[in-house]
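Structural features, examined
Single-letter residue listing:
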Amino acid sequence: MGTALLYDEEMTKYKLLWVDPACKIEVPERLIVSYEALVRSGLSDRCISIPAREASDSEILLVHSELYLEAVKKTPYMTLEDLKEFTLQFGDVYFHPNIYHCAKLASGSALQLVDSVMTGKVRNGIALVRPPGHHSMHGAANGFCVFNNVAIAARYAKQKYGVKRVLIVDWDIHHGQGVQYCFEDDPSVLYFSWHRYEHQNFWPNLRESDYDSVGKESGAGFNINVPWNNVGMENSDYLSVFCHVLLPVAYEFCPDLVLVCAGFDSAIGDPEGEMCATPDIFAHLTHLLMNLAGGKLCAVLEGGYNLTSLAQSVCQTVQTLLGDPLPQLANLRGPCKSAVESLQCARSAHRRYWSFLKHAADPPMTDISTKHIKSAMEEEEKTEMAEEERCTEGKVWPEPPERLCPPVCSASVLPDDVACPDGLKRLSSSKDLEPLLVSKLKNRFRTAAVDGDRVTTFSRLYTLIEKLVANEIRNGLVLVPDVAAAMMCVVQDLTSDLVKRVLVVCVGKEKELDYVTTDGKVLVVQISSEDREEQRSKYYIPVCLKKGCSDTSGFIQAVLGLLLPLGYEYNPDLVLLVRMPGSGVVDSMWQQLIGLLQGFAKGHTLVLMQVNEKACMGSTASALLGHPAPPLQDLQTPFPEDGDALERLRERLQADWKTLQTTS
Ligand SMILES: NCCCNCCCCCS
Ligand SMILES: [Zn+2]
């Protein structure tokens, strides 16, 4: 299934008609450059174009008051003076004779997107709209927003499709207070937002934007705020918050639909955000949400005021929605102190509501929530810094790397008598391997006595890895007689000269895994039930689950809170996923794991399985081909000892692996 794209140039036909420094950044060109970038890159042609439509009164009234709607209805007939007058009652927003029409189109586009996804016409999609929506409230326009597009879409999805749980992720750099107010007492809508806050010194300067606003009454726990109290946040900071705050809760919440308040003012170069995360981060943020809700994801444009980074960020998002390989994120260096404080506060504020955060630490000693009365000195400093450093237009960043689709998505190497799963391209048998290579492998094994079919398997593995590294194939599945031996061979012999760093994810019981890596060329993370002595080196990390890999709650918690952060920091060129026989890992969890691991190494994942496990080849193939993994149903509370052990493991490892840090 495809990706929907909603865009209508009518929504570019309104603008600021008078002088207002607070509003001058919200210009029609925002939509024009975004759409043109999609056209120029060829991405728009790969999407399914869905027409915009006007939201009806009743749809708008799902969120807004009749009084407010009736008032806005009058604006098309107002004189310039009347429009100015009308605007004064609201904050940081402007009206225009055509903005009501555009606001209906913006909300209607979000609803069209929900229809397309919920009816299965498309898998996911994005609506490029203006005016944005997440600041507008029941009875008021605010922050360039007139109708709350995403809030209306959430209510609409529940009403029309009986959606039980909606996750709203707001990665815009401003707090979508309008969305928070709408759902703060509603446990069926989980709202997550990070936002520039600076201890309440940044717009909209609300006390309720802080991390301790967790929702009200039955909605307690279903509102998550992560305040950024410094500018300059980077990719590492964003990924840490996803791995340690949003994703554990999102998986426990298990939404039926994911809506994204896709604001791109959180990207580098934006005058509002003043952050340093690069446009390719949105490829990963999108990817990390794509295995929730069976892939049903609707992104709706909110902010984004640097036309260059906005266009690039939109393209990164759309390319991921289309299923293209992800770019490798360069030099992640762990979250900054302020970010760790913020995520620690958010985790501790929510640990009573979410079993996946149960073991979160107490808030940091330095209580960061109080509004710091900035001393005259600091204010002065700030104004001094104002000109040179704060001018974000001067910011430059590298063009996001090309994300080329290999000609073959998934290849397989199987014993001749095993049928190849649909969609996989079978690598031909060993006969086409040049004798030179086979002899090279023979002497690599240093024992001439290696039996023939073992050499065959390994030579085929070598071929597959060569093609992965050459980007001729995106990922692969290999069935071998002895998975542990094959893994040792891949790790010791086949990758040394082909790749720089291999992430080995070993699922299931340990079998003569006496391999210890110390040089950093291989990072082994083993998830199993084996209780073993201390981990042997920085590059060999055993995670043991009380009930083993069949405990999906413990498994996903280890994947989100340990494996993902490690993987991002290690930044491998190849991922080797080894399924030990008898691991007991549940199929949906196995598919979720494969889906999430695609975020690394441009999707170059090599799955190693034992021939006698060929029964799960189908679901493995489905995940390798990029089909969304099935939701992890009714997750139990993870075993306390597992949750506790994970926290201790993170504390022990965080000196070596900064992205594991969750406490300041
Ligand atoms: N420096 C100008 C102040 C603008 N404040 C309103 C921002 C609304 C963003 C909507 S995403
Ligand atoms: Zn914004």
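Residues numbered from 1 in each chain as written. Chains lettered and ligands numbered in written order. Predicted model: local features only at pLDDT ≥ 70, side-chain atom pairs only at ≥ 80, totals over all residues. Heavy atoms only, no water.

Details of the packing of aromatic side chains
Scanning the model with the defined rule gives 26 aromatic pairs in all. Ring geometry for Phe144 versus Tyr305: centroids 5.6 Å apart, planes at 75 degrees, classification edge-to-face. Of this pair, Phe144 sits in the loop between strand 3 (124–127) and helix 7 (149–161) while Tyr305 sits in the loop between strand 8 (297–301) and helix 11 (307–321), placing them 161 residues apart in sequence. In terms of burial, Phe144 and Tyr305 fall into one category: buried. When the centroid spacing of 4.8 Å and the interplanar angle of 70 degrees are considered together, the rings of Tyr568 and Phe600 count as edge-to-face. Pair noted here: Tyr568 is in helix 17 (residues 552–570) and Phe600 is in the loop between helix 18 (587–597) and strand 16 (605–610), with a separation of 32 residues, a long-range link. According to the relative accessible area criterion, Phe600 is buried, its value standing at 3%. (Phe/Tyr/Trp six-rings, centres within 6.5 Å; stacked < 30°, edge-to-face > 60°. Helix = DSSP H or I, 4+ residues; strand = E, 2+ residues; numbered from the N terminus. Buried < 20%, exposed > 50% of the residue type's maximum accessible area, 1.4 Å probe, protein only.)

A closer look at the sheet that holds strand 6 (residues 223–228)
In spatial order, the strands read 2-1-3-8-7-4-5-6; together these eight strands make up an open sheet with parallel pairing. Two strands bound the open sheet, and with one partner strand each, they are strand 2 (48–49) and strand 6. Against the sheet, helix 11 makes contact with strand 1 (3–6), strand 3 and strand 8, and its axis sits at roughly 160 degrees relative to strand 3, the strand it touches most. (Pairing = 2+ DSSP bridges. Contact = heavy atoms within 4.5 Å. Axes fitted to C-alpha atoms, helices over the stretch in contact; angles between N-to-C directions.)

Overview of the coordination of the zinc ion (ligand 2)
For a metal with four tetrahedral donors the ideal donor-metal-donor angle is 109.5 degrees, while six octahedral donors give ideal angles of 90 or 180 degrees. Protein-derived coordination of the zinc ion (ligand 2) comes from Asp172 (OD), Asp172 (OD), His174 (ND1) and Asp265 (OD), at a distance range of 1.9 to 2.7 Å. Linear spacing of the donor residues for the zinc ion (ligand 2) on their chain is D-x1-H-x90-D. Across the pair, His174 and Asp172 agree in class, each one buried. (Donors = N, O, S within 2.8 Å, 3.2 Å for Na, K, Ca; no water.)

Brief notes about the domain arrangement of the protein
Split into domains, the protein comes out as domain 1 (2–390) and domain 2 (474–660). Domain 1 and domain 2 are separated by 33 Å when their C-alpha centres are compared. With 31 residues of domain 1 in contact, the opposing surface of domain 2 contributes 38 residues. In this assembly, domain 1 packs against domain 2 so that about 2,900 Å² is buried in total across both faces, 58% of it on carbon and sulfur atoms. Looking only at domain 1, the three residues that lose the most surface to domain 2 are Gln328, Phe356 and His359, adding up to 23% of its buried area. With a closest N to O distance of 2.9 Å, Glu647 and Arg347 form a salt bridge. Among the elements of the structure, helix 9 (235–253) and helix 10 (281–289) are those that each provide at least two residues to the side of domain 1 that touches domain 2. In terms of residue count, the dominant contributor to the side of domain 1 that touches domain 2 is helix 9 (eight residues). Each residue belonging to the side of domain 1 that touches domain 2 can be placed in one class, and the counts come to 14 nonpolar, twelve polar and five charged. (Domains from an automatic or database assignment. Buried area = accessible area lost by both parts, 1.4 Å probe. Salt bridge = Lys/Arg side-chain N within 4 Å of Asp/Glu carboxyl O. Nonpolar A, V, L, I, M, F, W, Y, C, P; charged D, E, K, R; others polar.)

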